[in-house]
Amino acid sequence: MIGKRTLFRHLVAGAGLLIAAASPGSATEAITVRIGFASVGADNRQFSGGSSAAIAHSEHYLDRELSDRPDVKIEWFFFKGAGPAVNEAFANNQLDFAIQGDLPEIIGRANGLKTKILLASGAHAPIYLAVPVGSSVRKVADLRGKKVSIFRGTNNHLAAVKVLAGNGLQERDVQVINMDTATTNAALTSKDIDAAFGNFPLASLAEKNIAEIVYTTKGDNPAYERHSTLIGQEAFIKAHPDITQKIVSAIVKAARWSSEEANREAFFEISSRTGFPASGYRFDFSGQELKYRNTPIADASIIESYRVQAKQAKEFGLLRRDVEIDGWFDRSFLDAALKEQGLVGYWQEYDASGKPLTAGQ
């Protein structure tokens, strides 16, 4: 039988435990990390493809990397409105990180978004010019006066403008129609437009003999390439550097797997979970090494590309103000991941002029 003093001590101890449990900060608070993709699969499938970050999502790399952090939950979001929609989500504090293209990132920075670029995911990507089968348009110069689909505000947009300029045309020389990927595909199929600038989904139309691809930036001026990166809110990165490191490390692991030629077909098959056929990704990566396209390294050539694109975006009237590139890229998390995983020197790096810095491995 418990005496009065013993009972009193038990009651006091129990009350102390209750007070401690109710005290703020006494238990680990759950953290939800919100990651966006400036893309979405066919028919709004919640997948992206063709990049290391897409593989990291599909194959649950982040879940494994964060397995020792049960307090951290990852939520993924896919935006039909692409880069502009991601910028809006950042502005409304609805995202912590995103995989986004160069032009919308530059536009977001011009509009005051406080972000850091952490690594590349979807670098050195080409664009294509597609026309309906039987079209008289055979080259970029033939677009004068034609109805051309360009998804405004995306990284396809600036690349298309640069391609036009390289062929003696400006945006005002063509009838630009702002269309997303699904609308573009439907318009090409119905021949409601004369041509479209876009990326790999156009290959599926060519495969079905609905459209022809009459131009690609592959083999043309490297300045026409598009780049996508992992970008994060400065506030989140400062508040949670440990979680940020794990996210970067997970995507670097996915990039390593995605850079192995032995995994080429598996890479395309996983990407096809978007609903876009593997053949489209196969076409998009043809003639290029996986290491080149799936490098996570935002090297001097990519940083310089952003610097040039910021200037060109203003020259072409896509921006109204200058954008400061210095201090925007933060390689500290990437470098830590490369060192930890023994991948220093695995990917080729290039200097600001595009020349190789090392021989790679």
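Owing to the predicted nature of the structure, the values given are computational and were not obtained by experimental measurement.

Chemist: Any chance you could explain the layout of surface pockets here in plain terms?
Modeler: The probe, sized like a water molecule, is rolled over the atoms to show the empty space still left. Taken as a whole, the largest pocket holds about 1,000 Å³ of empty space. Lining the largest pocket are 50 residues; nearest its centre among them are Ala-38, Ser-39, Thr-181, Asn-199 and Phe-200. If you list the elements that add at least two residues to the lining of the largest pocket, you get α4 (82-91), β3 (97-101), α6 (155-166), α7 (181-190), β8 (195-198), α8 (201-207) and α12 (278-285). Considering only residue class, the lining of the largest pocket consists of 21 nonpolar, 23 polar and 6 charged. Taken as a whole, the second largest pocket spans an internal volume of roughly 470 Å³. In terms of residue count, the dominant contributor to the lining of the second largest pocket is helix α14 (residues 300-315) (6 residues). Classifying every residue of the lining of the second largest pocket by side-chain character gives 9 nonpolar, 11 polar and 5 charged.

Chemist: Whenever I open this one, helix α10 (residues 241-258) confuses me. Can you help?
Modeler: An α-helical turn contains 3.6 residues, so any two residues separated by three or four positions project in the same direction. Under the 1.5 Å per step criterion, the end-to-end length of α10 is 25 Å for 18 residues, consistent within 8% with the ideal 26 Å. In terms of burial, α10 is a largely internal element, 13 of the 18 residues being buried.

Chemist: Would you take a moment to explain the sheet that holds strand β4 (residues 115-120) for this structure?
Modeler: Strand pairs in the sheet, formed through backbone hydrogen bonds, run parallel or antiparallel to each other. Taken together, the 5 strands give an open sheet; going across it, the order is β2-β1-β3-β10-β4, and neighbouring strands pair in mixed fashion. The two strands at the open ends of the sheet, each matched to only one other strand, are β2 (72-78) and β4. Averaged over all pairs of adjacent strands, the angle between their axes in this sheet comes to 25 degrees, without regard to strand direction. In this structure, strand β1 (residues 31-37) lies alongside β3, joined through 3 bridges in parallel fashion. Within β3, the position partnered with Ile-35 by the bridge is Phe-97. On top of the sheet, helix α5 (residues 102-110) reaches β3, β4 and β10 (228-233); it is set at about 115 degrees to β3, its chief contact.

Chemist: So what exactly am I meant to see when it comes to unusual backbone geometry here?
Modeler: The phi torsion at Asn-44 lies on the positive side, around 65 degrees, for a residue other than glycine. Note on placement: Asn-44 falls in the loop between β1 and α2 (52-58). Here the phi dihedral of His-124 falls at roughly 55 degrees; this positive angle occurs in a residue that is not glycine. By relative accessible area, His-124 is classed as buried at 6%.

Chemist: Please clarify how the pairing of β1 should be interpreted in this entry.
Modeler: Regular strands place their side chains on alternate faces of the sheet. The element β1 is largely enclosed, with a buried count of 5 among its 7 residues. When β1 meets β2, the two strands line up parallel, connected through 7 bridges. Residue pairing for β2: Ile-35 is matched across the bridge by Trp-76.

Chemist: Looking at this structure, I do not really get the nonpolar core. What am I missing?
Modeler: General note: in soluble globular proteins, nonpolar side chains tend to be found buried as a group. With 48 residues, the main nonpolar core has Val-33, Leu-62, Phe-97, Leu-230 and Val-252 as its most contacted residues. Once you skip the residues sitting within four places of it in the chain, Val-252 turns out to touch Leu-119, Pro-296, Leu-334, Ala-337, Leu-338, Gln-341, Leu-343 and Trp-347. One finds Ala-85, Ala-123, Tyr-306 and Ile-325 within the second-largest nonpolar core, a separate group that totals 29 residues.

Chemist: Just checking my understanding: could you explain the sheet that holds strand β6 (residues 147-149) for this structure?
Modeler: Pairing within the open sheet is mixed, and its 5 strands lie in the order β7-β6-β8-β5-β9. Strands at the two margins of the open sheet, each flanked by one partner only, are β7 (175-177) and β9 (211-216). With direction set aside, neighbouring strand axes in the sheet form an average angle of 30 degrees. Pairing analysis gives 3 bridges linking β6 to β7, with the strands arranged parallel.

Chemist: Could you clarify how one ought to interpret the packing of aromatic side chains in this entry?
Modeler: Think of a pair of aromatic rings as described by two things: how far the centres are apart, and how the planes are tilted against each other in angle. Under the defined criterion, the tally for this structure stands at 14 aromatic pairs. Both rings, one in Phe-37 and one in Phe-78, keep their centres 5.1 Å apart while their planes meet at 5 degrees; by these two values the pair is stacked. Highlighted residues: Phe-37 in strand β1 and Phe-78 in strand β2, separated in sequence by 41 residues. Pairwise contacts between aromatic rings join Phe-37, Trp-76 and Phe-78 into one cluster. Above the face of the Tyr-346 ring, Lys-291 is positioned so that its terminal group lies 4.0 Å from the ring centre.

Chemist: I'm lost on the environment of Ser-190 in this one. Help?
Modeler: Mapped onto the secondary structure, Ser-190 falls in helix α7. Judged by its relative accessible area of 39%, Ser-190 is partly exposed. Put simply, Ser-190 and Pro-132 are 58 residues apart on the chain and 8.6 Å apart in space, counted from C-alpha to C-alpha. A distance of 3.3 Å separates a polar side-chain atom of Ser-190 from the backbone oxygen of Ala-187.

Reading the values: rules and limits
- Residues numbered from 1 in each chain as written.
- Predicted model: local features only at pLDDT ≥ 70, side-chain atom pairs only at ≥ 80, totals over all residues.
- Heavy atoms only, no water.
- 1 Å grid on protein atoms, 1.4 Å probe; cavity = no way out; pocket = protein on both sides within 12 Å on 5 of 7 lines; lining within 4 Å.
- Points joined across faces, edges and corners; volume = space filled by probe spheres on them.
- Helix = DSSP H or I, 4+ residues; strand = E, 2+ residues; numbered from the N terminus.
- Nonpolar A, V, L, I, M, F, W, Y, C, P; charged D, E, K, R; others polar.
- Expected span 1.5 Å × (residues − 1).
- Buried < 20%, exposed > 50% of the residue type's maximum accessible area, 1.4 Å probe, protein only.
- Pairing = 2+ DSSP bridges.
- Axes fitted to C-alpha atoms, helices over the stretch in contact; angles between N-to-C directions.
- Contact = heavy atoms within 4.5 Å.
- Core = buried A, V, L, I, M, F, W, Y, C linked by side-chain atoms within 4.5 Å.
- Phe/Tyr/Trp six-rings, centres within 6.5 Å; stacked < 30°, edge-to-face > 60°.
- Lys NZ or Arg CZ within 6 Å of the ring centre and 35° of its normal.
- Polar contact = N/O pair within 3.5 Å; in protein donor to acceptor, adjacent residues only side chain to side chain.

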